[in-house]
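Each chain is listed here by its residues.
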Amino acid sequence: MDVQGLHMTDTKPTPALFKRNPPIAGEAEAIEAAKNGDAEAFSKLYALHKRRVYTLCLRMLGNVSEAEDMTQEAFLHLFRKIGSFRGESAFSTWLHRLTVNLVLMHLRKKGLNLVSLEETINPSEEDAPKRDFGSRDLQLTGSVDRVALERAVASLPPGYRMVFVLHDVEGFEHNEIATMLDCSTGNSKSQLHKARLKLRELLRQPEQLVQPASLQEAAR
Amino acid sequence: MTDSNFPDFDTMTPADFEKYLPDFFANGDGHVSSDPRLQTFLANNPDCAALVRDLETIAEHAKSLFEPSYDPSDTVWSNIQSKLNQPLTEDEDPPLAHAQ
């Protein structure tokens, strides 16, 4: 089975992710022990990275049950293939790429075809940001509450949310996103811009931001 | 994208600006408001300047979401442990094995 874009090698480190994924104390030892099948080491790696992997899955999928399934799959793949990790990039960078690719593969299997389908990546007109460019009273105050932002991101249409999470939250470059989603770089830029415009609109009306069920459930 | 792909920075309209804004963000490390080529335009078009500030604020605050917020349930680890102890079936063969 050949899975396009599913890269498990760590030969192309991403500087932005390196900066944001500094080594964790005890991680290197746990990786080496896990390569030798040490069950305790697996447990430690899971404990170190479960929140970040799960949060990434939840943001991409917007569904607790699927996010947990994908978290499980990500760690199973990780533990089975950890021998191929050579330490040329940050471990968490490697793990994030693995997770993103698994989630995208899952979405494709479900029939959400992100491959080169503008109409799938693009949300409906109703979900698109309103053309309120130029209205002077739209300026935000300069600070954004994290909880409100989290809710606004969860309210984004899936295509917008995917590109926003990958670029602005996870730090992937447009060319990397284009490869992962099999779309053009221009499309990635455009989707990101529309996502930010939509977020601006949502954040200006915080009273209309309802907490999505997925986040309520996840917060329990 | 080079400057030759953009309209004249001093004479472009807000509509031109809107059209090229995704590229301005992509090419300027996300700091459109400090792009020297756009200073005159932004000074003359406060609505556009406000839009840029808002979008920069959103992008900046998005980085704070990188820190994880949620924990998976304990069931996830139980399932992983259980599956790790099972032999691989062909269907479960990790596709990652084919990526190298």
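Everything numeric in this text was worked out from a predicted model, so none of it was measured.

Analysis parameters
- Once a new chain begins, its residue numbering starts again from 1 and follows that chain's sequence as written.
- As they are written, the chains are lettered A onward and the ligands numbered 1 onward, keeping that order.
- Per-residue local features are limited, in this predicted model, to residues with pLDDT of at least 70; the limit for side-chain atom pairs, both in listing and counting, is 80 or more; totals at the level of whole chains, interfaces and linings are taken over all residues.
- Each residue is classified by how many other C-beta atoms fall within 10 Å of its C-beta atom, where C-beta atoms are placed from the backbone; a count of 20 or more means buried, 12 or fewer means exposed, and values in between mean partly exposed.
- A run of H or I in DSSP counts as a helix once it spans at least four residues, and a run of E counts as a strand once it spans at least two, with each numbered from the N terminus.
- Nonpolar core, as used here: buried Ala, Val, Leu, Ile, Met, Phe, Trp, Tyr and Cys residues forming one set through C-beta atoms within 7 Å.
- As used throughout, domain bounds are those supplied by an automatic or database domain assignment.
- A pair of residues counts as a contact when their C-beta atoms, built from backbone coordinates, are separated by no more than 7 Å.
- It is the directions from the helix axis to the C-beta atoms whose arc is reported.

Colleague: I'd love a proper account of helix α8 (residues 158-169) of chain A, names of residues and values included.
Modeller: In an α-helix, one full turn covers 3.6 residues, which means residues spaced three or four apart are oriented alike. Residue and element names in this part refer to chain A. Taken across its 12 residues, α8 has 11 buried, putting it largely inside the fold. For α8, the set of buried residues is Gly159, Tyr160, Arg161, Met162, Val163, Phe164, Val165, Leu166, His167, Asp168 and Val169. Glycine 171, located one to two residues past α8, shows a positive phi value of around 90°.

Colleague: I'd like a rundown of the nonpolar core, residues and numbers included.
Modeller: Side chains of a nonpolar character, in soluble globular proteins, are inclined to be buried together. Residues and elements named next belong to chain A. Formed by 74 residues in total, the largest nonpolar core has its most connected members in Cys57, Val103, Val163, Phe164 and Leu199. Counting residues per element, this core draws most heavily on helix α3 (residues 39-61), at 11 residues. Each of domain 1 (15-110) and domain 2 (123-131 + 140-219) gives at least three residues to this core. Residues contacting valine 163, with those up to four places away along its chain left out, are Ile177, Ser188, Gln191, Leu192 and Ala195.

Colleague: Tell me about helix α9 (residues 174-181) of chain A, and name the residues and values.
Modeller: Restricting attention to buried positions, one finds in α9 of chain A the residues His174, Glu176, Ile177, Met180 and Leu181 of chain A. Looking straight down α9 of chain A, one finds its buried side chains confined to an arc of 155°; they lie on one side. At its buried positions, α9 of chain A is contacted by α5 (91-110), α8 and α10 (185-203) of chain A together with α1 (14-27) of chain B. In the stretch just after α9 of chain A, aspartate 182 of chain A is the one whose phi turns positive, near 55°.

Colleague: Give me the environment of phenylalanine 25 of chain B: which residues, what numbers.
Modeller: Examined against the element boundaries, phenylalanine 25 of chain B turns out to sit in helix α1. In the structure, phenylalanine 25 of chain B is positioned 14 residues away from threonine 11 of chain B in sequence and 19 Å away in space, judged by C-alpha atoms. Apart from residues lying up to four places away in sequence, phenylalanine 25 of chain B is in contact with His193 of chain A together with Gly30 and Val32 of chain B.

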